[in-house]
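# Descriptive analysis of the structure
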Amino acid sequence: SWNPPGWLFPIMWLIVSKPTQFAAVWKLITQTTNTNALSIPLLVYCTHLSLGDAWNKVFFGLECTGRGLAVITAFWTVLWLSAYLFYKVDPVAGYLLLPTCGWVSVAASLNLSIYLLNKDDEGGDCS
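These figures come from a predicted structure and were not determined experimentally.

### What to know about the packing of aromatic side chains
We describe a pair of aromatic rings using the distance from one ring centre to the other and the angle between the two ring planes. Counted according to the given criterion, the structure contains 7 aromatic pairs. Arranged with centres 5.0 Å apart and planes meeting at 15°, the rings of Trp55 and Phe59 form a pair that is stacked. Residue Trp55 and its partner Phe59 are both found in helix H2 (residues 39–61); the two are separated by 4 residues, about one turn of the helix. Pair check on accessibility: Trp55 and Phe59 agree, each one buried. Site record: aromatic cluster; members linked through ring pairs are Trp55, Phe59 and Phe60.

Laid out in structure tokens, this is it:
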């Protein structure tokens, strides 16, 4: 079995993702005069945050790597959609989400690797 240390993920979220996400949302809401254009991007953004929380609970809390892979795939997809929608309103705001997209790509790769390496362990997907 292979599993990176659990402490690595919160540190990367705090250093890489959260500051750039905050900057992206701040840029989007302070630089956009058309508030109607914000509804869908912010809804998709909030959906990505919810999926990220769900992934943390499924992958780390329940230790369900297969189910976690399904959740992080949805999370990754909605995050990229969020970056695209932010970009359509304000390109800089979209670019500011790219570090998070990169980190979630790394996390998804790790999730897949952990699942493939451990899928035949006793106890099935969840221990």
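### Details of the packing of helix H3 (residues 65–89) against helix H5 (residues 98–118)
Where H3 contacts H5, the two axes come as close as 9 Å, and the packing angle between them is 160°. One way to sum up the angle between H3 and H5 is to call them roughly antiparallel. Crossing hand, H3 versus H5: left-handed. Taken together, the residues of H5 that come into contact with H3 (itself represented by Thr65, Gly66, Gly68, Leu69, Ile72, Phe75, Trp76, Leu79, Trp80 and Ala83) are Leu98, Thr100, Cys101, Val104, Ser105, Ala107, Ala108, Asn111, Leu112, Ile114 and Tyr115. Looking at the contact of H3 with H5 residue by residue, the classes come out as 15 nonpolar, 6 polar and no charged.

### Side note on the nonpolar core
Ranked by internal contacts, the top residues of the largest apolar core, which has 27 residues, are Phe9, Trp55, Ile72 and Phe86. Among the secondary structure elements, those contributing two or more residues to this core are helix H1 (8–31), H2, H3 and H5.

### Focus on the side chain of Thr100
Secondary-structure assignment places Thr100 in helix H5. Judged by relative accessible area, Thr100 falls into the buried class, the value being 0%. A polar atom in the side chain of Thr100 sits 3.5 Å from the side chain of Ser17. Dropping the residues within four chain positions of it, Thr100 is found in contact with Trp13, Ser17, Thr20, Gln21 and Leu79.

### With respect to the packing of H1 against H3
Direction vectors running N to C along H1 and H3 enclose 35°, while the axes themselves pass 10 Å from each other. Considering how the two elements wind past one another, H1 and H3 form a crossing that is left-handed. Contacts between H1 and H3 involve Trp13, Ala24, Val25 and Leu28 from the former and Phe75, Phe86 and Val89 from the latter. Among the residues forming the contact of H1 with H3, the class breakdown is 7 nonpolar, no polar and no charged.

Calculation criteria
Residues numbered from 1 in each chain as written. Predicted model: local features only at pLDDT ≥ 70, side-chain atom pairs only at ≥ 80, totals over all residues. Heavy atoms only, no water. Phe/Tyr/Trp six-rings, centres within 6.5 Å; stacked < 30°, edge-to-face > 60°. Helix = DSSP H or I, 4+ residues; strand = E, 2+ residues; numbered from the N terminus. Buried < 20%, exposed > 50% of the residue type's maximum accessible area, 1.4 Å probe, protein only. Axes fitted to C-alpha atoms, helices over the stretch in contact; angles between N-to-C directions. Parallel < 35°, antiparallel > 145°, perpendicular 65-115°, else oblique. Left-handed = near helix turned anticlockwise from the far one by under 90°. Contact = heavy atoms within 4.5 Å. Nonpolar A, V, L, I, M, F, W, Y, C, P; charged D, E, K, R; others polar. Core = buried A, V, L, I, M, F, W, Y, C linked by side-chain atoms within 4.5 Å. Polar contact = N/O pair within 3.5 Å; in protein donor to acceptor, adjacent residues only side chain to side chain.

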